[in-house]
Structure formats: structure tokens, C-alpha cells
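# Fold and contact review
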Amino acid sequence: MVSRNGRPAQSKSSGGLYKLAMALKADKASPGKRHRPSSYRYTPCHGMSIGCDRDPLTGYMSRIGLATALESKQRKSRQPCAFLLTGINRLAMVNEAYGIDVADELIVATARRLKGALRKSDILGRYAGNKFGIILHDCDEERMRETAGRLLATIGDRAVEVEAGVIPVAISLGGAVVGRKPNAAREAMLQAEEALSHARTRYIGGFQIYRPSELRETERRRNIKLSDEIRSEEHTSELQSH
């Protein structure tokens, strides 16, 4: 399992990271608590076949499902929406200390907590290994900020109890409001990725709303256009081969 960890920039965060490392190192001495049955392991979904719109580990939407749902909502709804990206911090340390099965258990527990803190109209999905995407219906920047604060409090309020013991969890968040122009949904997902990266760089357990940069936006649009062209060529090639 590959995880992108935040880089704490404050001494307080660094101290918390050291304490977590020491706790994980101590718990690692108990091999009987390290792993769940192998049947619990996460099996990634290959390709874009039917069923890949659901994440097999959590049961929530996959990244493909999130992208489809966000594009649909952006096209059909007259109300504003936003995309929030949540990353579990230090998951690689848990994976290294306890094994992939316990890390998976932590991912599932975190997903359930996030879901419990959202409105019924909001959509939760697993975006990547340690990341969750959230589609916020009828949401502007102010409401997105309120939601992020609620999620940070919900996850950080108490540690997660798993088979290996009690493990503290921290998350960081990045978000973007979805525009009305074509490709706005995909742009918002990329913008949320960038905002999450900035939040993790600044400090552990933070939230960052995407702020545009003309240079970054030009590069982003170029990449999206190139991606569309590649998809179109692949589709044409598939049709010609049949």
C-alpha cells in the first residue's frame, strides 16, 4: 500500500508524529495482534469494467464512481456543489507497524466516521489508497469550510479501536468549488488534490481551499485537453479493431 504522508511544519505536529512512531514500535512487539484474515485484504479493481464504480474494501464509491457522479451533478443541478478530498495522515506508518490488513481496517473505520458526519445528500467515495472524495451538494466555500471543520473534529475526537489495539487517526483536507464550464468536475478534483497537498505541507490536520494560479490553470487545462485527445484516440482505435 502506498501512502503520501503530510510533512509537519510545526514542532507540535512533529512531537505528535514521534509519539505515534514510538507507540507503533511498542505495539509491533505483539505479533498476535498484527493481522486480520487474508480474505479481508483490499483487492484493487483493474480497468473500467462494471463494478469499478464501487470500492471493494469500503463499499462506497470508487474514484471512477465519484468522477461520474460529480460530472452528472455538475451538468444537471442548478445548485452549486463542491468536491472535498480527505487524506488519512501517517497511514504508511500504521501499515509498516501492523501490516496491510490492520491499515485496511483503519481505512474502513475512518470511512464510516466520515459518512456519519455528512448530510444524506453528500456522496462519499474512496478516491485512492488513503484518500476519500466527498461530493458536497448545494455547497459554497463557507459551507465547505464548515463541513471540513466538522470532519476534522469527528475524526480527531477519538482514536480508532481495531483488532491490533487503539490507534490515533488524523486527517487533512483540501477542497474546491465546482464551476459551471465544461470539464469543471474533473478540474475540481485536480484542484482538490492540489489543495490537499498544500494543507499537508503546511501542517498535519489542516484544511485548504483551492486558490487559482494563472500558470497552474494553464498547465492543468493543457493536461486535461491532452488526456481527452488520448482517450478519443484509444476509443477510435478500439472501434476500428472490431
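Residues numbered from 1 in each chain as written. Predicted model: local features only at pLDDT ≥ 70, side-chain atom pairs only at ≥ 80, totals over all residues. Heavy atoms only, no water.

### Topic: the side chain of threonine 58
Summarising the element assignment, threonine 58 is placed in the loop between helix H1 (11-27) and helix H2 (63-76). Accessibility expressed as a relative area gives 14% for threonine 58, which makes it buried. Side chain to side chain, threonine 58 and aspartate 55 meet in a polar contact 2.8 Å long. Ignoring sequence-local partners within four residues, the contact set of threonine 58 consists of Ile107, Val108, Ala111, Arg126 and Phe132. (Helix = DSSP H or I, 4+ residues; strand = E, 2+ residues; numbered from the N terminus. Buried < 20%, exposed > 50% of the residue type's maximum accessible area, 1.4 Å probe, protein only. Polar contact = N/O pair within 3.5 Å; in protein donor to acceptor, adjacent residues only side chain to side chain. Contact = heavy atoms within 4.5 Å.)

### A short note on the nonpolar core
If you look at the biggest cluster of nonpolar residues, it comprises 35 residues, and the most contacted ones within it are Leu84, Leu136, Met144 and Leu151. Those elements that place two or more of their residues in this core are strand E1 (81-88), helix H3 (91-98), helix H4 (100-116), strand E3 (131-137), helix H5 (141-156), strand E4 (160-162), strand E6 (171-177) and strand E7 (207-209). Residues within four places of leucine 151 in sequence aside, it is in contact with Leu84, Leu114, Ala117, Leu118, Ile134, Ile171 and Leu173. Ala67, Ala69, Leu70 and Ala188 belong to the second largest nonpolar core, which has 20 residues in total. (Core = buried A, V, L, I, M, F, W, Y, C linked by side-chain atoms within 4.5 Å.)

### Considering empty space enclosed by the protein
The full count for this structure, using the stated rule, is 1 cavity of 30 Å³ or more. Here the largest cavity defines a volume of roughly 50 Å³. Looking at the largest cavity, it is lined by 10 residues, and the ones nearest its centre are Asn89, Arg90, Val94, Pro168 and Val169. (1 Å grid on protein atoms, 1.4 Å probe; cavity = no way out; pocket = protein on both sides within 12 Å on 5 of 7 lines; lining within 4 Å. Points joined across faces, edges and corners; volume = space filled by probe spheres on them.)

### Brief notes about the pairing of strand E2 (residues 123-128)
Regular strands have side chains that alternate between both faces of the sheet. In the sheet, E2 pairs with E3 via 5 bridges, with the strands oriented antiparallel. Pairing of arginine 126 across the sheet is with phenylalanine 132, part of E3. (Pairing = 2+ DSSP bridges.)

### Details of the confidence of the model for the chain
Considering every residue of the chain, the mean pLDDT works out to 79; 73% of them sit at 70 or more. The least confident element of the chain, judged by mean pLDDT, is H1 at 46; the most confident is E3 at 97. Long-range and interchain partners of residues 1-19, a stretch whose pLDDT sits below 50, account for 34 contacts in this model, where long-range means more than four residues apart. Taken as a whole, residues 23-50 scores under 50 in pLDDT and shows 44 contacts with residues more than four places along the chain or in a different chain. (pLDDT = per-residue confidence, 0-100.)

### Topic: the pairing of E6
In terms of burial, E6 is a largely internal element, 6 of the 7 residues being buried. Two elements, E1 and E6, share 7 bridges in a ladder whose sense is antiparallel. Bridge pairing in E6 links leucine 84 to glycine 175. The pairing of E6 with E7 spans 3 bridges and is parallel. Bridging from a neighbouring strand, leucine 173 pairs with phenylalanine 207 of E7. Assessed by its sense of winding, the connection that carries the chain from E6 through helix H6 (residues 184-202) to E7 is left-handed. (Right-handed = clockwise from strand over helix to strand, strands pointing away.)

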